Amino acid sequence: MPKEWILGTSDQNDMALLQSIISESPLLSPILHDWEKLALPDCWLVAGAIAQTVWNHSFGLPATHGIADIDIGYFDAADLSERGEAEHRSRIRAAFSHLPAWIDVKNEARVHLWYEAKFACSIEPYTSATDAITTFPTSATAVGLQPRPEKWELCAPYGTSDLLGLIVRPNKKQITREIYKQKSTGG
């Protein structure tokens, strides 16, 4: 993983700001605080809930505004079954049932199995959860967090300037214009 993806080796001011904002989130902080309950390999808190939390803070909106779901991505190539993913999803939703948001848990190792049916184009299998993050639809949502004993680890393959600068820019690594429109506008 390139060093700029790791929080702590990138801009320390951005790191401190992001950690401060996320730590105050009544939705994300409990998950990061009780991370061991996830018990998943190569597991990351990812995407839209992180971006929306930052944007809510920047615009002075309530911390939970516009957050319908919280995405957890993990990578388990040893179990590509839909059943295994569903069992993890159910277990994690039960563990965090007190949170007022839907928790979506996806095994990034199996995305290639259903992606074409949903988005009308095939993709190569991902090699890790961080590989999957590099393909998220916008530069600002291509982000993942993991708590560590000493610091948080951040996967931000396109940096944090768009996220913290409130810029939504398409990530053209994998998605088409149609997929970007669907994901960014719901239509």
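Here, the structure is the one placed above.
Anyway, here's the lowdown on the structure attached to this text. (Residues numbered from 1 in each chain as written. Predicted model: local features only at pLDDT ≥ 70, side-chain atom pairs only at ≥ 80, totals over all residues. Heavy atoms only, no water.)

Some remarks on the pairing of strand β3 (residues 102–107)
Summarising the sheet, strand β2 (residues 69–74) and β3 pair through six bridges and their orientation is parallel. Across the sheet, residue isoleucine 72 finds its bridge partner in β3, namely valine 105. Once the chain exits β2 it traverses helix α4 (residues 82–95) before rejoining the sheet at β3, and the crossover so formed is right-handed. (Pairing = 2+ DSSP bridges. Helix = DSSP H or I, 4+ residues; strand = E, 2+ residues; numbered from the N terminus. Right-handed = clockwise from strand over helix to strand, strands pointing away.)

Section: α4
Taking 1.5 Å as the rise per residue, α4 with 14 residues should run 20 Å; its terminal C-alpha atoms sit 20 Å apart, in good agreement. Looking at the buried side of α4, the elements it contacts are β2 and β3. (Expected span 1.5 Å × (residues − 1). Contact = heavy atoms within 4.5 Å.)

Observations concerning a nonpolar patch on the surface
A cluster of nonpolar side chains, contributed by Phe59, Leu61 and Leu166, occupies part of the molecular surface with about 270 Å² of accessible area. Tracing the backbone through its elements, the reader meets leucine 61 in the loop between α3 (48–59) and β2. (Patch = residues over 30% accessible without salt bridge, like charges linked within 9 Å, V, L, I, M, F, W, Y side chains within 5 Å. Areas by Shrake-Rupley, 256 points an atom, 1.4 Å probe, with all protein chains shown as cover. Salt bridge = Lys/Arg side-chain N within 4 Å of Asp/Glu carboxyl O.)

What about helix α1 (residues 12–23)?
Between its first and last C-alpha atoms α1 spans 16 Å; for 12 residues at 1.5 Å apiece the expected length is 16 Å, and the two agree. Along α1, the residues classified as buried are Met15, Leu18, Ile21 and Ile22. Down the axis of α1, the sector holding all buried residues measures 140 degrees, keeping them to one side. Buried residues along α1 sit in contact with α2 (28–33), α3, β4 (144–147), β5 (152–155) and α7 (161–165). (Buried < 20%, exposed > 50% of the residue type's maximum accessible area, 1.4 Å probe, protein only. Arc of directions from axis to C-beta.)

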